[in-house]
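The primary structure of each chain is shown beneath.
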Amino acid sequence: MANQDPQPEVYTTSHQFAGAATSGTSNVISIFTNQANNEEVRIYGIACRVFDSATGTASTTFNDFAVSIQVGANNIPSNSFDISWLANNINNGGSILMFPSPVLVLFQQPLSVTVTTNSAITGVASTANDRTVVIDLIGELAIQKAPPGYRGV
């Protein structure tokens with residue numbers, strides 16, 4: 001429930017990939033927005049970071065991942081998109097992608113994030129080569145506004 005209108009929100013997911021994961025490996029995480037029936041969530045942008053799981057530090061190797069956002073039964077946008085340039089450009093200030101229009105999540109619509117490897121993760125299957133992809137959805141929780149002239153039922 002919103003304490004202010006609109007209320008800034010960041011929804012974070014953490015996706016684990018084992019060392020030597022093959023291309024096409026996916027990890028799906030659902031997000032619970034905890035919104036009331038008269039509220040909506042608007043997502044304006046996405047940020048991502050890739051960490052070496054063993055050290056917890058930013059990955060220094062090239063990482064090739066794609067992400068898709070599902071609202072209800074639909075992918076928004078309709079196809080997954082490459083986040084490699086976003087994850088690998090974190091030191092150059094390019095770590096946030098703003099959407100041209102917000103992604104709207106209404107009451108009781110499931111929201112989930114899928115991260116997929118576009119190429120195999122290099123190295124042997126060991127903890128030292130595991131990757132953690134952290135996705136932040138940047139948005140707000142707001143009370144739905146009635147259209148002008150609406151008098152209710």
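Overview of the structure. Here the structure is a predicted model, which is why all the values come from computation and not from measurement.

As a further point, take unusual backbone geometry. Cis geometry is found at the peptide bond from Ile76 to Pro77, where omega equals -15 degrees. Considering the arrangement of structural elements, one finds Pro77 in strand β5 (residues 74–82). Of note, the phi angle at Asn34 is positive, near 50 degrees, even though the residue is not glycine. Locating Asn34 in the fold gives a position in the loop between β2 (26–31) and β3 (39–52). Positive phi, normally seen in glycine, also occurs at Gln108, with a value near 65 degrees. With respect to the helices and strands, Gln108 occurs in the loop between β6 (96–105) and β7 (111–117). Among the residues examined, Gln108 registers a relative accessible area of 67% and is labelled exposed.

Okay, the environment of Thr116 next. Relative to the elements of secondary structure, Thr116 occurs in strand β7. Measuring from C-alpha to C-alpha, the distance between Thr116 and Thr22 comes to 10.0 Å, with 94 residues separating the pair along the chain. If we ignore the near neighbours within four places in the chain, the residues touching Thr116 are Gly24, Thr25, Ser26, Asp64, Phe65 and Ala66. Within the local environment of Thr116, its side chain forms a polar contact with the side chain of Ser26, the two groups lying 2.9 Å apart.

In this section: the sheet that holds β3. Pairing within the open sheet is antiparallel, and its four strands lie in the order β1-β8-β3-β6. Both edges of this open sheet fall to β1 (7–17) and β6, since each of them pairs with a single strand only. Direction aside, the axes of adjacent strands within the sheet are offset by 25 degrees on average. Bridging between β3 and β6 involves six bridges; their strand directions are antiparallel. For Ile46, the partnering residue across the bridge sits in β6 and is Leu97.

Looking at the largest pocket, its volume works out to about 160 Å³. As for the largest pocket, its lining consists of 13 residues, and the residues nearest its centre are Ile31, Phe32, Thr33, Gln109 and Pro110. When its residues are assigned to classes, the lining of the largest pocket shows seven nonpolar, six polar and no charged.

Calculation rules
Residues numbered from 1 in each chain as written. Predicted model: local features only at pLDDT ≥ 70, side-chain atom pairs only at ≥ 80, totals over all residues. Heavy atoms only, no water. Helix = DSSP H or I, 4+ residues; strand = E, 2+ residues; numbered from the N terminus. Buried < 20%, exposed > 50% of the residue type's maximum accessible area, 1.4 Å probe, protein only. Contact = heavy atoms within 4.5 Å. Polar contact = N/O pair within 3.5 Å; in protein donor to acceptor, adjacent residues only side chain to side chain. Pairing = 2+ DSSP bridges. Axes fitted to C-alpha atoms, helices over the stretch in contact; angles between N-to-C directions. 1 Å grid on protein atoms, 1.4 Å probe; cavity = no way out; pocket = protein on both sides within 12 Å on 5 of 7 lines; lining within 4 Å. Points joined across faces, edges and corners; volume = space filled by probe spheres on them. Nonpolar A, V, L, I, M, F, W, Y, C, P; charged D, E, K, R; others polar.

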